[in-house]
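Examination of the molecular architecture
One-letter residues, chain by chain:
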Amino acid sequence: MEFDLSELKGTDCSKLLNSTTVPRPIGWLVTMDAEGRTNAAPFSYFNVMSPNPPMVCVGISSRADDIHKDSAANILATKQFVVNFVNYENRHKMNVGGADFGPGISELEKAGLTPAPSTKIAPPRIAESPAGYECELAHTVELGNSRYIFVGRVLVVHIQDEMMLDAERLYVDTPKLDLIGRMHGGGWYARTTDLFEMPRLSKDEVEAAE
Ligand SMILES: Cc1cc2nc3c(=O)[nH]c(=O)nc-3n(C[C@H](O)[C@H](O)[C@H](O)COP(=O)(O)O)c2cc1C
């Protein structure tokens, strides 16, 4: 079947896109408003887009009534955000941030999470998260109706000590991070436990197998 998205309304486009672009990593964003109040919310329209320069992207839609989500309003106001990664252990705490709390309510407190100071930006990290990026806003793509794609430059990467295999060589124990991704529908997730290895092939190896 074929679906012309220009003929579908936004909610129907999300059904198709959310169900096919899977699993999506979850950027659990901590932002701060101009008064210094923190906000935490998960976003799965998120990914790292370039290692050099180190850039991430996050897509934030609006509330049903075209009002900014708090994360978007905060990024526009203070131009900084922390991306925290979500492991299986923290899944329920992450889910608290997906609920619709008003501005000025700290989802960190609601979920019983511990803020840890960032090094180069004001919003804190989530101490319970196994890895996180301190980011500054580099570009804003306005999508209309209070929706945005924010492109952030990663300034600092944090990884819990016990998640490193060899810090000098920058080897991370990725399976130990136990990160989750978002799948289809409102409540399906995937764990990163079903792994397989497939070494990259050279052109000669591909041709030899023909
Ligand atoms: C796992 C997960 C992923 C989500 N991904 C997105 C997303 O990519 N974009 C978005 O606008 N909302 C997304 N949401 C919904 C927001 O987290 C939700 O609207 C939240 O209340 C926004 O909070 P804020 O107003 O504090 O920014 C997601 C929710 C969950 C639970």
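These remarks concern the structure in this document.

Reading the values: the criteria
- Residues numbered from 1 in each chain as written.
- Predicted model: local features only at pLDDT ≥ 70, side-chain atom pairs only at ≥ 80, totals over all residues.
- Heavy atoms only, no water.
- Pairing = 2+ DSSP bridges.
- Helix = DSSP H or I, 4+ residues; strand = E, 2+ residues; numbered from the N terminus.
- Axes fitted to C-alpha atoms, helices over the stretch in contact; angles between N-to-C directions.
- Patch = residues over 30% accessible without salt bridge, like charges linked within 9 Å, V, L, I, M, F, W, Y side chains within 5 Å.
- Areas by Shrake-Rupley, 256 points an atom, 1.4 Å probe, with all protein chains shown as cover.
- Salt bridge = Lys/Arg side-chain N within 4 Å of Asp/Glu carboxyl O.
- Buried < 20%, exposed > 50% of the residue type's maximum accessible area, 1.4 Å probe, protein only.
- Contact = heavy atoms within 4.5 Å.
- 1 Å grid on protein atoms, 1.4 Å probe; cavity = no way out; pocket = protein on both sides within 12 Å on 5 of 7 lines; lining within 4 Å.
- Points joined across faces, edges and corners; volume = space filled by probe spheres on them.
- Nonpolar A, V, L, I, M, F, W, Y, C, P; charged D, E, K, R; others polar.

Turning our attention to the sheet that holds strand β2 (residues 27–32). Spatial strand order, β3-β2-β6-β9-β10-β5-β4: 7 strands in an open sheet with antiparallel pairing. Among the strands making up the open sheet, the edge pair consists of β3 (38–43) and β4 (46–51). Averaged over all adjacent pairs, the angle separating strand axes in this sheet is 30 degrees, with direction ignored.

On the surface, M1, F3, L5, L17 and Y45 cluster together into a nonpolar patch covering about 560 Å² of accessible area. When you line up the elements, Y45 lands in the loop between β3 and β4. The partly exposed category is assigned to Y45, whose relative accessible area is 41%.

As defined by bridge partners, β4 adjoins strand β5 (residues 54–60) across 5 bridges and the pair is classed as antiparallel. Bridging from a neighbouring strand, F46 pairs with V58 of β5. Between β4 and β5, which pair antiparallel in sequence order, lie 2 residues.

In this section: the side chain of S71. Relative to the helices and strands, S71 resides in helix α2 (residues 70–78). When near neighbours in sequence (up to four residues on either side) are disregarded, S71 contacts T31, N39, A41, F43 and I60.

Looking now at the pairing of β3. Judged by how many residues are buried, β3 sits mostly within the fold: 6 of 6 residues are covered. The alternating pattern of β3 places T38, A40 and P42 on one face and N39, A41 and F43 on the opposite face, and all of these are buried. Strand direction decides the pairing type here: β2 and β3, joined by 6 bridges, are antiparallel. Considered in β3, the bridge of W28 is made with P42. Connecting the antiparallel pair β2 and β3 is a turn made up of 5 residues, with G36 showing a positive phi of about 85 degrees.

Once that is clear, we can look at the layout of surface pockets. Empty space within the largest pocket amounts to approximately 1,300 Å³. If you trace the largest pocket, you find 44 residues lining it, with Y45, G59, I60, S61 and K69 closest to the centre. Looking at the lining of the largest pocket, the elements that each hand over two or more residues are α1 (10–20), β3, β4, β5, α2, α3 (91–97) and β10 (147–159). A per-element tally of the lining of the largest pocket places α1 first, with 6 residues. Taken together, the residues that form the lining of the largest pocket break down as 20 nonpolar, 16 polar and 8 charged. Quantified by volume, the second largest pocket comes out at close to 610 Å³. The wall of the second largest pocket is formed by 29 residues, among which P25, F85, Y133, L177 and L179 lie closest to the centre. Sort the elements by how many residues they give to the lining of the second largest pocket and β4 lands first, with 5 residues. A breakdown of the residues in the lining of the second largest pocket according to their chemical character gives 22 nonpolar, 5 polar and 2 charged.

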